[in-house]
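# Geometric and topological summary
Each chain is listed here by its residues.
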Amino acid sequence: MAVSVLGFSSRSYLTVHRQLIYCVHKVRQRSSFAAVELPREPAGVPKEKEIHFTRSDGRVKGDSKASEWKKLSSKDLGISWSMIAKPTKYVLKGLKKKGYEVYLVGGCVRDLILKRTPKDFDIITSAELKEVVRAFHRCEVVGKRFPICHVHVNDTIVEVSSFSTTGKGIGQKFDYSLRRPPDCDDHDYIRWRNCWQRDFTINGLMFDPYAEIVYDYMGGMQDIKKAKVRTIIPANMSFVEDRARILRGVRIAARLGFRFTRDIAYSVRELSSSVLRLDKGRIFMEMNYMLAYGSAEASLRLLWRFGLLEILLPIQAAYLVSQGFQRRDKRSNMLLSLFSNLDKLVAPDRPCHNSLWVGMLAFHKALVDQPRHPLVVTAFSLAVHNGGSLSEAVEITRRISQPHDDSFSELLEAPDLDSDKSLIDEIMDFGLSVKSALIKMTDESFVSQAMSKYPQAPYSELGYVCIPLSSFLRASKIFECVEMGCGKGFVPKRGSKIDYEFLAMGNLQEVRHVFARIVFDTVYPISLDRENNNSGSQNS
């Protein structure tokens, strides 16, 4: 039975036992969404060679499912054993030696196909979780609703789920069941049933590294070719079933440069406020995935475009409104430039600690509240880098001769800074402003006031703060040296090489170093310096 909800059809193997429209309640009426452009096929995606599924007796199936389901050669897709992280290989080998089936599943398979570095590798196995625990010395079961195993390999945690436990989650939110497709053997049925539980088709791929086969039951390869993010069940059902999928969809689209299907674009807008029902810790985790792993600028743009930014980061949404930013605006500004420069330094396998992006938001908020001279901003960032030595920061700043970006309204030319004392006083004052901005960002009443200043801003649930106290305290430490001076034992980082292990841990020396680089590259962009040099060459 095919079901249609809000005009979007489900697949024929899904049977729904109650009115789905009842589940999509309290939806705000908004204007219809604009048509989503069809993107070009992503460059570098290999042409897959289809291996037809066969029946248990060896004959090729003749029903319609054969054209929908695919077994693809991982070699033809360019996936090799060497592309898998060492800790993941260790777990795969350990389970395989004991006779269990093992697969990589989800986003890591998608990223391997796209020749991208996966954020992590998820394993699913035919072993029971208790059997996984017995197979490894350092392993425990975590989670109650959806239990999985955490296998500790040196300093890395490898997540392992079991077919036996994941199958129990189907149809929990809605009263629906899955009919077993005709002419489907037991192995296919188990894999297919598991893929039905996943969020998006491009995450519904399963890779057997030993058979060198990628299983595609949900049409994931087709959507990768089309650069589309598509839910496995109708989008409104999927997002009501798990509201976190709204944020996960934004994160995936931002990172890959993919576009939403039309039903996702519609449902994200209509159900955007439902993310407030998520646990604040979960929201912060999803925000960190968006901002700390190399796709922050694209994530902020998508959050703004689909009406989520004013719910999650209302202060930054108010800033975009004050800048006259439209939903599909392609212009840039200082906020987006800061995070664009962060994106150039981090990646899915080289993230930063959340204190860095929280601190960047506070830094920018302080500049919005009171614009400063470029010398003040630069000297402040250098003082942060060297642990609070203001005299050294001023000395270095005075030697800078390249032009700053004068398109940012946050940078002013006004104050007289001829004396070092006047510049130091401005640096100290700016440090207090950043501290104040950080406090305001975690003040619920202030967040509400921030949006009320802009009546033209879209509707939002005001006063929502998702930055935890621990992140606030870690971000505060980045800047406290400007006011209190160099801390005991602190040694400024020398050289330009980033220690990504320390950066992910929130090492103060490393975080301050990266912060200073981002600010300098934003205020004094390399492209602007090149343009100035080229102009000088032509005039000479």
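Everything here concerns the structure above.
A short tour of the structure in this document, coming up. What you are looking at is a predicted structure, and each value in this text was computed from that prediction instead of being measured.

Okay, unusual backbone geometry next. At E212, a residue that is not glycine, the phi angle is positive and equals roughly 60 degrees. Non-glycine residue A227 carries a positive phi angle of around 55 degrees. In this fold, A227 is placed in the loop between α7 (220-226) and β14 (228-229).

Time to look at helix α23 (residues 508-523). Taking 1.5 Å of rise per residue, the 16 residues of α23 would be expected to cover 22 Å, and the 22 Å separating its terminal C-alpha atoms lies within 8% of that figure. Where α23 is concerned, the buried positions are E510, V511, R512, H513, V514, F515, A516, I518, V519, T522 and V523. For α23, the N-terminal cap is N507; the gap from its side-chain oxygen to the backbone nitrogen of Q509 is 3.1 Å.

This part takes up the environment of R259. Its location among the elements puts R259 in strand β15 (residues 259-260). Spatially, the C-alpha atoms of R259 and V229 are 6.0 Å apart, while their sequence positions differ by 30 residues.

So, about the side chain of S238. Relative to the helices and strands, S238 resides in helix α8 (residues 235-241). Taking the relative accessible area as the measure of exposure, S238 reaches 0% and is therefore buried. If we ignore the near neighbours within four places in the chain, the residues touching S238 are D199, T231, I233 and R245.

Scanning the entire structure with this criterion turns up 23 salt bridges. In this structure, K365 engages D369 in a salt bridge whose closest nitrogen and oxygen atoms are separated by 2.9 Å. Highlighted residues: K365 and D369, both in helix α16 (residues 354-369), separated by four residues, approximately one helical turn. Take K365: its relative accessible area is 10%, and that puts it in the buried class. A salt bridge links D429 to R372; the shortest N-O distance between them is 2.9 Å. Taken together, the positions of D429 in helix α19 (residues 420-441) and R372 in the loop between α16 and α17 (374-385) put the pair 57 residues apart, joining distant regions of the chain.

Evaluation of the coordinates by the stated rule reveals 17 aromatic pairs. Ring plane angle 65 degrees and centroid distance 5.7 Å describe the contact between F363 and F430, whose orientation is recorded as edge-to-face. Placement of F363 in helix α16 and of F430 in helix α19 is noted, with a sequence separation of 67 residues between them. Residue F363 is classed as buried on the basis of its relative accessible area, which comes to 0%. Between the aromatic rings of F380 and F479, the centroid separation amounts to 5.9 Å while the plane-to-plane angle is 25 degrees, which identifies the pairing as stacked. Taken together, the positions of F380 in helix α17 and F479 in helix α21 (residues 469-484) put the pair 99 residues apart, joining distant regions of the chain. For the pair F380 and F479, one class covers both residues: buried. Taken together, the ring pairs connect F363, F380, F430, F479 and F515 into an aromatic cluster. The residue whose ring lies beneath K119 is Y289, and the NZ or CZ to ring-centre distance is 4.2 Å. Between the NZ or CZ atom of R191 and the centre of the ring of Y215, over which it lies, the distance is 3.9 Å.

One recurring pattern in soluble globular proteins: nonpolar side chains tend to sit buried together. Counting residues in each nonpolar core, the largest one holds 140 residues, and the members touching the most others are L356 and F380. Element by element, the count of residues in this core is highest for α16, at nine residues. Core analysis: the second largest hydrophobic core is formed by 18 residues, Y103, I124, W196 and M206 among them.

Another point: the packing of helix α9 (residues 244-256) against helix α11 (residues 280-291). Two measures define how a pair of helices packs: the angle their axes make with one another and the distance between the axes. Running from amino to carboxyl end, α9 crosses α11 at an angle of 5 degrees, the nearest separation of the two axes being 9 Å. As summarised for this structure, α9 and α11 are arranged roughly parallel, according to the angle between their axes. Packed against α9, whose contacting residues are A244, L247, R248, V250 and R251, the element α11 presents R282, E286, Y289 and M290 at the interface. Across the contact of α9 with α11, the residue classes tally to five nonpolar, no polar and four charged.

Moving on to the environment of R179. Inspection of the secondary structure puts R179 in the loop between β11 (176-178) and α6 (186-196). Residue R179 is classed as partly exposed on the basis of its relative accessible area of 41%. Separated by 14 residues in sequence, R179 and R193 place their C-alpha atoms 9.6 Å apart.

What follows covers the packing of α11 against α16. Remark: α11 packs on α16, axes separated minimally by 10 Å, with the N-to-C direction vectors making an angle of 85 degrees. Judged by the angle between their axes, α11 and α16 are roughly perpendicular. When α11 is examined against α16, the residues F284, M287, N288 and L291 are found in contact with a partner set consisting of N354, W357 and V358. Its residues assigned to classes, the contact of α11 with α16 shows five nonpolar, two polar and no charged.

Conventions we followed
- Position numbers for residues count from 1 along each chain, tracking the sequence in the order it is written.
- Note on the predicted model: pLDDT of at least 70 is required for a residue's local features to be given, and 80 or more for side-chain atom pairs to be given and counted; whole-chain, interface and lining totals, by contrast, use all residues.
- Here the side-chain values reflect all heavy atoms present in the structure, with hydrogen atoms and water set aside.
- Numbering of helices and strands runs from the N terminus; a helix is a DSSP stretch of H or I covering at least four residues, while a strand is a stretch of E covering at least two.
- Expected span, for any helix, means 1.5 Å times one less than how many residues it has.
- Burial classification: accessible surface area is computed with a 1.4 Å probe over protein chains only, and a residue below 20% of its type maximum counts as buried, one above 50% as exposed, and the rest as partly exposed.
- Under the rule applied, a polar contact is a pair of N or O atoms within 3.5 Å (in protein, one hydrogen donor and one hydrogen acceptor; residues adjacent in sequence only if both atoms are side-chain atoms).
- By the convention used here, residues are in contact when the closest approach between their heavy atoms is within 4.5 Å.
- The salt bridge criterion pairs a side-chain nitrogen of Lys or Arg with a carboxyl oxygen of Asp or Glu, the two atoms within 4 Å.
- Classification of ring pairs uses Phe, Tyr and Trp, with its six-membered ring standing for Trp, and accepts pairs whose centres are within 6.5 Å; under 30 degrees between planes counts as stacked, over 60 as edge-to-face, and the remaining range as tilted.
- Sitting over a ring, as applied to charges here, requires NZ of Lys or CZ of Arg to be within 6 Å of the ring centre and within 35 degrees of the ring normal.
- In these notes, a set of buried Ala, Val, Leu, Ile, Met, Phe, Trp, Tyr and Cys residues joined through side-chain atoms within 4.5 Å is what counts as a nonpolar core.
- To obtain each axis, a line is fitted to C-alpha atoms, and for helices this fit is confined to the stretch in contact; angles are then taken between N-to-C directions over 0 to 180 degrees.
- Angles below 35 degrees are treated as roughly parallel, those above 145 as roughly antiparallel, those between 65 and 115 as roughly perpendicular, and all remaining angles as oblique.
- Polar here means any residue other than Ala, Val, Leu, Ile, Met, Phe, Trp, Tyr, Cys and Pro, which are nonpolar, and Asp, Glu, Lys and Arg, which are charged; Gly is therefore polar.

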